[in-house]
Structures are given as structure tokens and as C-alpha cells.
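Summary of structural features
Spelled out, the chains give:
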Amino acid sequence: MSQDDWTKLKTDGLKLGKALFVCFLVFHAFVNVVSNYPTRTALKNELKKPFAFYVRSLHLHKPYNMFYTYDPWYKFDLVVHAKDGLGQIHDLPPILPGLALIEGKGKLRVRVTLQRLLGRRNKRLLMSYAQNLCRAIEDKMGHEIKEVTIEFKTERLRKLALIRKDGVVGEPKNIVKGPFRCKDQ
């Protein structure tokens, strides 16, 4: 084969590769849209069935509804209880760095973090947060902290029928994580 033949073959191969790649991207985007298409339509699951093999193998299905607006948290607060070497318990604000109070726009960030921390698979995230709290508390107080406990003081929004019945908007659901022992530094 001559040099021109190789050049033409390479050029044709690149064009074919680009075309296949673009086709794959279009297919992937289409499957993403189809797999998250609502089931409460006339098509129900019929649109999803042909692509189930692809969606399952790549875990593309998202178990949430994009238009879901119900927020289950009516109120929430986060408090850190730190136990020092003398056995005294100190209640401190939770926001790192600097142990700041939850204020304003920070509430949304804390709620998102709260949901992550409460997840079953996020034990390492919670442990890391607890150790960072230990260091920050020791820096602020100037003496050793033995353990920290993280308390989520929450109220879950009740069903509308129950709220109408008795006027109580939320019911307390406090969640305590810990105690977490502070590592020796």
C-alpha cells in the first residue's frame, strides 16, 4: 500500500470513529431521558422496556422524581455535645470551620449534609466530620475533648389531614449519632 492509501484509510477510520462516537452519545442521552420518563403517562413502562438491559447494567435509573416538591423537614437544628476530660458536657454550634451557628443560607447546606450523614452508606463521612469537630473544639476550648455526640433536633412534617385535624405541623424526630471518641493527636 502506498502512503496515500494509508492516509486515506486513517482519515476514513477517524471519520467512522467520530460518527460511531456521536451515535453512541445520542443513544446514551436518549436512553437517559427514556429511563427517567414518568410512568404515569399513556406509554407507562413500554418506552423503557427495550432499553432496560442498558439502564440496569450502567445503573442509569434515578430513584427520584424531578418534580417532587414535598420537603419532609419542618424544623431542624444540629447541636454538638462535647465531653471533656473532666466529664463535663459542652453544647457547641456545628458548622466548620470555626464552630459557627447555622444561619440564613447555611440552613440549606446543613439540611443537605444532614440527609447525607443520615444515609446508611455514609459512615465514613460522619466519622470524618466527628474527628474534624474534635479538632476544632479542642482548638477553641484549649483543652482535650474525649468524645463528641451529634444530635439532630428535627421535626418531620405531618400529613395535611392530620395538620388540619389538630393544628400540629410537625412531630419531633430527634436523631443522635455517637458518641464518637476523639483520636489522640
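Residues numbered from 1 in each chain as written. Predicted model: local features only at pLDDT ≥ 70, side-chain atom pairs only at ≥ 80, totals over all residues. Heavy atoms only, no water.

1. Considerations on the nonpolar core
The line we're drawing: Nonpolar cores are built from buried Ala, Val, Leu, Ile, Met, Phe, Trp, Tyr and Cys residues. Side-chain atoms within 4.5 Å join them into one set. Partly exposed describes any residue whose relative accessible area lies between the buried limit of under 20% and the exposed limit of over 50%, with all areas from a 1.4 Å probe on protein chains only and scaled to the type maximum. The helix count covers DSSP runs of H or I at least four residues long, the strand count covers runs of E at least two residues long, and both are numbered beginning at the N terminus. Throughout, a contact is declared for two residues whenever any of their heavy atoms are within 4.5 Å.
Grouped together as the largest cluster of nonpolar side chains are 22 residues, with contacts concentrated most on Leu78, Leu133, Ile137, Val148 and Ile150. When contributions to this core are tallied by element, the ones reaching two or more residues are strand 1 (73-84), helix 4 (123-141) and strand 3 (145-157). Here the element with the most residues in this core is helix 4; it accounts for 7 residues. The contact partners of Val148, leaving out residues within four places of it in the chain, are Val80, His81, Ala82, Ala130, Cys134, Ile137, Pro179, Phe180 and Cys182. In this structure, Val31, Tyr54, Val55 and Leu60 belong to the second largest nonpolar core, which totals 6 residues.

2. Regarding the confidence of the model for the protein
Rules: Confidence scores per residue from the predictor, reported as pLDDT, run from 0 to 100.
On average, the protein scores 79 in pLDDT, and the residues at 70 or more come to 83%. Mean pLDDT across the secondary structure elements of the protein bottoms out at helix 3 (residues 106-117), with 67, and peaks at helix 5 (residues 160-166), with 87.

3. A few points about the state of the cysteines
Note the following rule: By convention in this document, the label disulfide applies to cysteine sulfur atom pairs within 2.5 Å.
Taken as a whole and assessed by the stated rule, the structure comprises 1 disulfide. What pairs with Cys134 in a disulfide is Cys182, and their sulfur atoms sit 1.9 Å apart. With the S-S bond torsion at -75°, the cross-link from Cys134 to Cys182 turns out left-handed. Pair noted here: Cys134 is in helix 4 and Cys182 is in the segment after strand 5 (175-181), with a separation of 48 residues, a long-range link. The same class applies to Cys134 and to Cys182, which are both buried.

4. Re the pattern of salt bridges
To keep things clear, this is the line we draw: Note on definitions: salt bridges are taken to be side-chain nitrogens of Lys or Arg within 4 Å of carboxyl oxygens of Asp or Glu.
Enumeration according to the criterion identifies 3 salt bridges in this entry. Salt-bridge contacts for Glu144 lead to Lys146; the nearest nitrogen and oxygen are separated by 3.6 Å. You can call Glu144 partly exposed: its relative accessible area is 42%. Given a relative accessible area of 37%, Lys146 falls into the partly exposed group.

5. Here's the deal with helix 1 (residues 3-35)
For the record, the criterion: Between the first and last residue of a helix there are one fewer steps than residues, each counted as 1.5 Å, and that sum is the expected span.
Given a rise of 1.5 Å per residue, 33 residues ought to cover 48 Å, and the 47 Å separating the end C-alpha atoms of helix 1 matches this to within 8%. Residues of helix 1 that are buried include every one of Val31, Val34 and Ser35, and no others. Buried positions along helix 1 lie against helix 2 (52-58).

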